[in-house]
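# Structural characterization, general
Chain by chain, the residues run as shown.
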Amino acid sequence: MAQGFSSGYKRDLSLFNLVMLNSMGMIGSGWLFAALYTSSYAGSFGSIIAWIIGAAIVLLVALTFMEVSTAFPLAGGSTPIGEFSHGKLAGFVVGWGAWISDIMTPPIEAVAMVTYLSFFVKGLITKTGVLLPLGYLVVVMVLLIILIINLQSVRIFGNVTSGIMIWKWAIPALAVVTLIGFAFHPSNFAISGSFYQGYSGIFYALVLGGIVFSFEGFRGAINMAAESQHRDYIWKSVVVALLLVMTLYIFIQVAFVGALDWSRIGVSPGNWGALSNSLLLSGPFAKEAEFAGLGWLVVILLIDAVVSPGGAGLSYAAYPARIFQSMAEFGYAPAWFKNLTDKSKVPGRALVLGFLIGLIFLYEFPGWHLLVGILTSTLVIAYVIGPATNSVIRKTAPEVERKYTLKGSKIIAPLGFMFSSLIIYWSGWPLSGEVVITVIAGLFMFGYFTAKNNFDMREIRRGMWLIALLFVIAILSYLGPSVYGGINIIPFPWDFIVTGLISLGFYAISQLNGVKSKSLQMYLESLKQEAK
Amino acid sequence: MESGMMKSVAISTLALALITFLLALLMMQPNAQGIDDVPSIWSEILFGISAVAFIAFLVSYFKASRGDEQH
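Please read these numbers as outputs of a predicted model, since none were measured by experiment.

### Some details on the environment of Ala 289 of chain A
Residues and elements named next belong to chain A. As for its placement among the helices and strands, Ala 289 is situated in helix H11 (residues 284-291). Spatially, the C-alpha atom of Ala 289 lies 50 Å from that of Trp 465, the residues being 176 residues apart in sequence. With residues near it in sequence (within four places) discarded, Ala 289 still touches Leu 294, Leu 297, Val 298 and Leu 301.

Written as structure tokens, this is what we have:
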């Protein structure tokens, strides 16, 4: 590892650990609901097609990260990549967007864990879902345990998360096998509406059904790149995890559709759209298991609801710490957070910061849920940088050995850029506007560090396109169709075409603004010195 | 004003201009006839702040850029 950036991390994460970390972000509590919403938009076969298209879209975006992440295995994922190809401002914006999203996840997951635990233990939350003192205590204990595990060496962290992930894989798999084995009605695939609402149904399922958002947590290995045993593992783990998770989701969808008992649900067969307002809404798979007389599966699904958020909280505490440590190395976060712990070589100070912020966010103030919804969505910003950097870094750092070269990048990179822009657009108004406001608000912090460290204006300018892109997407979202909360000036499918074309224009601008940044020059210099 | 501070002003005024513009859109409200997205008084104030901040950004941006290019 070259000295200077991300130096000192232990390279202890195996391919298995990384596949498990990547899939952690993709098999969240979402799997319980995505199948329901997807079939309510797209019907039986349509929903399966939608899952395949969703995986393909996210794979396009993911592919563009693989070449650069493997060539520059640095902590913090998008931050160093953005910094190297488009300078300080771009590096900061993608780092900030990912950081504020990830920092919110552990406290949210800890609260979710306690909420589900309240089915088994009394006195944790009130009937309206507000934490009681004992509930607070349990949440703080969970966050503390997450912190302690994260402060251990990355090998221990990787093994603990992999263990939890085996459970997280096993439960959906068990639900699928059981429902297909004991409650499967093949006739559900023959009733009318197998492509409910036609092509637009598939499209709505992708966005509003939550398919794209289910896959977007693929980037664990990219954030933890500095700790991968081999550089190859970074891209391999992303591809393997995406394909495995896609297969699992297709089976979940098949099991869900097959196990639908229309008469018990109270919906006429083939009226797919009514499913999303039916009895199933309280817990799609638990209800199906209950109707099929599989009481034991209902209990296991409830236990899973307690265990799964704990696992997600554990891995998500690791990511913002790496991102913040990387931001400190590049000079746009306090330098004090650069240091790794002496023994375990993890970003201890950044981890403790995450824990403290988590404690603050446990206090529920008015509008808390709105704020949480916004903050956890800012991650989407970080995906734009992968496609924008691939060709730029080929030109500015051709000498760096690539373990993976993206074939067809001239087509894949612009398409990946277009889809990552559309993912922001698909958040829908007003969320897209609120997300962009939150990310742009980070510029006040960037302004402070610019004054302190006197960043070069020529380099800052190279990242201005990213700010403009975010702003334009928010405006397009406002002008878009009412189904996404807009004022319907640009109706479907024109909104898709207009946003796609404008984002391709921004892709061209991003290519013109690529730069061999000072940090990249320093990094390349350190590689040369290491080779001597 | 020193160079680093001028850049900081440029970045902060840009952020302020964009944030206030989006906030103004978020605060659009239906009017008496029930037509959505008519500027409320708050939207109008925010659009005004946005315009002023954007002008301040342009001025400070060119000053900051000139400073770096002279070095």
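Additional details are given in the paragraphs that follow.
### Here's the deal with helix H13 (residues 348-361) of chain A
Residues and elements named next belong to chain A. Here H13 contains 14 residues, and its C-alpha end-to-end distance of 20 Å stays within 8% of the 20 Å for a straight helix at 1.5 Å per residue. Among the residues of H13, those classed as buried are Gly 348, Ala 350, Leu 351, Gly 354, Phe 355 and Gly 358. Each buried residue of H13 lies within a common arc of 170 degrees when the element is viewed along its axis, so the set occupies one face. Among the exposed residues of H13, those pointing more than 90 degrees away from its buried face are Leu 356 and Ile 360. On its buried face, H13 sits against helix H3 (78-117), helix H4 (133-151) and helix H12 (295-329).

### Considerations on helix H18 (residues 443-453) of chain A
What H18 of chain A keeps buried is the set Leu 443, Phe 446, Gly 447, Phe 449 and Thr 450 of chain A. Buried residues in H18 of chain A make contact with H3 and helix H17 (431-441) of chain A together with helix H1 (3-26) of chain B. Of the residues flanking the end of H18 of chain A, it is Asn 454 of chain A, one or two places downstream, whose phi is positive at about 45 degrees.

### Side note on the confidence of the model for chain B
Looking at chain B as a whole, its pLDDT mean stands at 85, while 79% of the residues score no less than 70. Here the predicted complex carries an ipTM of 0.89, next to a pTM of 0.89.

### Examining the nonpolar core
Residue and element names in this part refer to chain A. Counting 204 residues, the largest nonpolar core has Val 93, Val 114, Val 212, Leu 242, Ile 440 and Leu 470 as the members making the most contacts within it. Here this core takes 22 residues from helix H2 (residues 31-71), the largest share from any one element. Setting aside anything within four residues of it in sequence, one finds Leu 242 in contact with Ala 55, Val 58, Leu 59, Ala 62, Phe 215 and Phe 218.

Here is what the cut-offs are and how they apply
- Residues numbered from 1 in each chain as written.
- Chains lettered and ligands numbered in written order.
- Predicted model: local features only at pLDDT ≥ 70, side-chain atom pairs only at ≥ 80, totals over all residues.
- Helix = DSSP H or I, 4+ residues; strand = E, 2+ residues; numbered from the N terminus.
- Contact = placed C-beta atoms within 7 Å.
- Expected span 1.5 Å × (residues − 1).
- Buried ≥ 20, exposed ≤ 12 C-beta atoms within 10 Å, placed from the backbone.
- Arc of directions from axis to C-beta.
- pLDDT = per-residue confidence, 0-100.
- Core = buried A, V, L, I, M, F, W, Y, C linked by C-beta atoms within 7 Å.

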